Amino acid sequence: ALTTDYVNRDDPAQRAVLETDRQKALAELDRLKNAVVELQKAITALEEEARRLAAAVEAALDARAASGKPVRLIAHSMGGVLARTMQLERPAVWQRMMAHPDARLLMLGTPNAGSWAPMQVLSGDDTFGNLLVTFGAPFQDRSARALMARMPGFIQLQAALLDDKLAINQHAAWRNLADEDLKRVREASWWHRDELQIGEYEWGVPPQDVLDRAVNLRKRLDAQITADLPTFQDKLKRVVGQARFTP
């Protein structure tokens, strides 16, 4: 919480407290800005963002033409998937970048196999989805999750999209999971009958066209592992860890 006692502003100790509060406020603002940036990335399909990245890389290569310096990418989380998608969407730019012997792609905690975080968010089990409610309309409970379910870049990060047994590449499978979850909520909380209360537990269910687009990119990324990336294996580096929802 920010300090509200400004009576003795000329007091050195009070000024120190105010400066601490100011730094806290700036840090919180940066955090919210970063959350908005990640949300904007998720709204747009990764293919489109990859083409924008390729344009930026090409401009950087042109700027370094005289000096001969390399372009190196440091990609955090989904940024690594974005960089890999750039190779698929703009292979000529990728080839030009990697032609330099010192070119590198460093991926920090990239969910190359996908992540279960999208489903956790859309089911309401993850705090990121609930955080978006703080931004105000249209991010209101069920509306927030319904909106996120239509974000191509977000669904493209979902793990196990090619698992025929789970069948989560089908809208009907998500709908069944959502309905079953809500049924259990109603049974366990029989005293909650107000739709505003029940709405807190409703899933966001991705439409089929968004799922189809995610499946298509996942197939391309999986094929890329053996078809394209081995050529650049000495220039691709990963820093990996373990996360609860990342396989």
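Presented here is a report on the structure given in the accompanying data block.

The rules we used
- Here the residue index of a chain counts from 1 through its sequence in written order.
- For a predicted model such as this one, the threshold for reporting local features is a pLDDT of at least 70, and the threshold for listing and counting side-chain atom pairs is 80 or more; totals across whole chains, interfaces and linings nevertheless cover every residue.
- Water and hydrogen atoms were dropped before computing side-chain values, which therefore reflect all heavy atoms in the structure.
- Where helices and strands are cited, they refer to DSSP runs of H or I of at least four residues and of E of at least two residues respectively, numbered from the N terminus.
- Two residues form a contact once any of their heavy atoms are found within 4.5 Å.
- All accessible areas in this document rest on Shrake-Rupley with a 1.4 Å probe, and a residue is counted as covered only by the protein chains that are shown.
- To form a nonpolar core, buried Ala, Val, Leu, Ile, Met, Phe, Trp, Tyr and Cys residues must be joined to one another through side-chain atoms within 4.5 Å.
- Exposure categories follow from relative accessible area, calculated using a 1.4 Å probe and restricted to protein chains: below 20% of the type maximum is buried, above 50% is exposed, and the middle band is partly exposed.
- Directions pointing from the helix axis toward each C-beta atom define the arc.
- Salt bridge, as used here, is a side-chain nitrogen of Lys or Arg placed within 4 Å of a carboxyl oxygen of Asp or Glu.

## Here we look at the overall build of the protein
Counting secondary structure elements, the protein contains eleven helices and three strands. For the protein, the α and β elements follow one another from N to C terminus as α-α-β-α-α-β-α-α-α-α-α-α-α-β. Taking all contacts inside the protein whose residues are at least 6 apart in sequence as the whole, residues at least 24 apart take part in 76%. Surface accessibility of the protein: about 14200 Å² in total, with carbon and sulfur atoms responsible for 54%.

## Concerning the nonpolar core
Counting residues in each nonpolar core, the largest one holds 28 residues, and the members touching the most others are Val 57, Trp 94, Met 97, Met 98 and Leu 105. Mapped onto this core, the elements with two or more residues apiece are α2 (46-63), β1 (72-76), α3 (78-89), α4 (91-98), β2 (104-108) and α11 (208-227). Dropping the residues within four chain positions of it, Met 98 is found in contact with Ala 103, Arg 104, Leu 105, Phe 232, Lys 235 and Leu 236. Membership of the second largest hydrophobic core comes to 19 residues, among which are Met 119, Ile 155, Trp 203 and Val 210.

## Describing α4
Among the residues of α4, those classed as buried are Val 93, Trp 94, Met 97 and Met 98. Burial along α4 is one-sided: seen end-on, the buried residues are contained in an arc of 125 degrees. Along its buried surface, α4 packs onto α2, β1, α3, β2 and β3 (236-239).

## Observations concerning the pattern of salt bridges
Going through the model one piece at a time under the given rule, you end up with ten salt bridges. With a closest N to O distance of 2.6 Å, Glu 49 and Arg 52 form a salt bridge. Linking Glu 49 with Arg 52, this pair stays in helix α2, spanning three residues, or about one helical turn. We classify Glu 49 as buried; its relative accessible area is 18%. A relative accessible area of 43% places Arg 52 in the partly exposed class.

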